[in-house]
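Here is how the chains run, residue by residue.
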Amino acid sequence: MERFARLFPDRAEGLTATDLAAAVPGPAPEGRPLMLANMIATADGRATIAGRTATIANRADYELFHALRARVDAVMVGAETVRIESYGRMIVSEEARAAREREGMPDNALAVLVTRSADVPAEVGMLRAPDNRVLVLTPSPDATLPPAAAAVDYLRAPLEEGVRRLRTELGVRSVLCEGGPRLLGDLVRAGLVDELHLVIAPKLAGGPAPLTIIGGDDVDPPRDLELVSVHESGGYLFLRYSA
């Protein structure tokens, strides 16, 4: 198990990913879930290397990635990210599943797959895991996934309406968005992101027109963030912002 040092707002040593994740989620806003975003980038701002995030991350990021998942009702991800990263069961640790049940939560977080076309093969890990509950959030009135091992349902609505209906119809109080950049950009421009958890990897990748953590049109005006905490592990910085 990796250890983290807190650098801000005060100093602390020997923390675990579970310690960091215990700070979330906070209370949900009126009429929608609390929306957290968890993203990673290189020191020069690249959100992927060779199209993937796994080549950027370290073990501490992996542990915090899963610890944050264990604290929320739902994990939201875009179709392109699922096609590339594949995913798997939302809550992989038996200990984390037991802790969720002790807190009165389902042992597995709801997976919210955001897609316009539902063009996602059933072979990706998210859909191949029979314990996963996958909610397809799509504006299409008829797009459907191929038959899959996971339990699949549909919420047919534009993104902003769909996020609100997660709360009003399904009782979801907290959502962790894991990207990709296009989805995060859409959420930010809609004013739906409450916290950004950003990992800065000590890597320089370069490349023409590199993909950043927010895709699509400019955020106009730019969204101000407030720094809540800074942690370090293995030379990686773990930044938590409120938005």
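The coordinates are above.
What counts and how
Residues numbered from 1 in each chain as written. Predicted model: local features only at pLDDT ≥ 70, side-chain atom pairs only at ≥ 80, totals over all residues. Heavy atoms only, no water. Salt bridge = Lys/Arg side-chain N within 4 Å of Asp/Glu carboxyl O. Helix = DSSP H or I, 4+ residues; strand = E, 2+ residues; numbered from the N terminus. Buried < 20%, exposed > 50% of the residue type's maximum accessible area, 1.4 Å probe, protein only. 1 Å grid on protein atoms, 1.4 Å probe; cavity = no way out; pocket = protein on both sides within 12 Å on 5 of 7 lines; lining within 4 Å. Points joined across faces, edges and corners; volume = space filled by probe spheres on them. Nonpolar A, V, L, I, M, F, W, Y, C, P; charged D, E, K, R; others polar. Contact = heavy atoms within 4.5 Å.

Caption draft 1: Spatial organisation of the pattern of salt bridges. Evaluated as defined, the whole model comprises 14 salt bridges. Its salt-bridge partner being Glu178, residue Arg69 comes within 2.9 Å of it at the nearest N-O pair. You can see Arg69 sitting in helix H2 (residues 59-69) and its partner Glu178 sitting in the loop between strand S8 (174-177) and helix H7 (181-189), a full 109 residues away along the chain. Per residue, the accessibility class of Arg69 equals that of Glu178, and both read buried. Between Arg189 and Asp186 there is a salt bridge, with its nearest N and O atoms 3.1 Å apart. Of this pair, Arg189 and Asp186 both sit in helix H7, three residues apart, roughly one helical turn. The partly exposed category is assigned to Arg189, whose relative accessible area is 30%. Among the ionic contacts, a cluster of salt bridges with common partners joins Arg89, Asp107 and Asp131.

Caption draft 2: Summary view of unusual backbone geometry. Of note, the amide linkage connecting Gly179 to Gly180 takes the cis form, showing an omega dihedral of 5 degrees. Mapped onto the elements, Gly180 comes out in the loop between S8 and H7. One non-glycine residue, Ala118, adopts positive backbone phi at about 60 degrees.

Caption draft 3: Quick peek at the layout of surface pockets. Taken as a whole, the largest pocket holds about 1,200 Å³ of empty space. Lining the largest pocket we find 44 residues, and of these Gly78, Thr81, Glu178, Gly179 and Gly180 sit closest to its centre. Among the secondary structure elements, those contributing two or more residues to the lining of the largest pocket are strand S3 (34-42), H2, helix H3 (79-85), strand S6 (133-138) and H7. It is H3 that contributes the most residues to the lining of the largest pocket, six residues altogether. The class makeup of the residues in the lining of the largest pocket is 20 nonpolar, 13 polar and 11 charged. Counted as a void, the second largest pocket has a volume near 610 Å³. Lining the second largest pocket are 25 residues, and of these Thr18, Ala67, Ala70, Ser93 and Ala96 lie nearest its centre. Mapped by element, the contributors of at least two residues to the lining of the second largest pocket are helix H1 (17-21), H2 and helix H4 (94-102).

Caption draft 4: Broad picture of the side chain of Thr81. When you line up the elements, Thr81 lands in helix H3. The buried category is assigned to Thr81, whose relative accessible area is 14%. Not counting the four nearest positions on each side in its chain, Thr81 is found in contact with Ser86, Tyr87, Gly179 and Gly180.

What is shown is where atoms sit, not what they do.
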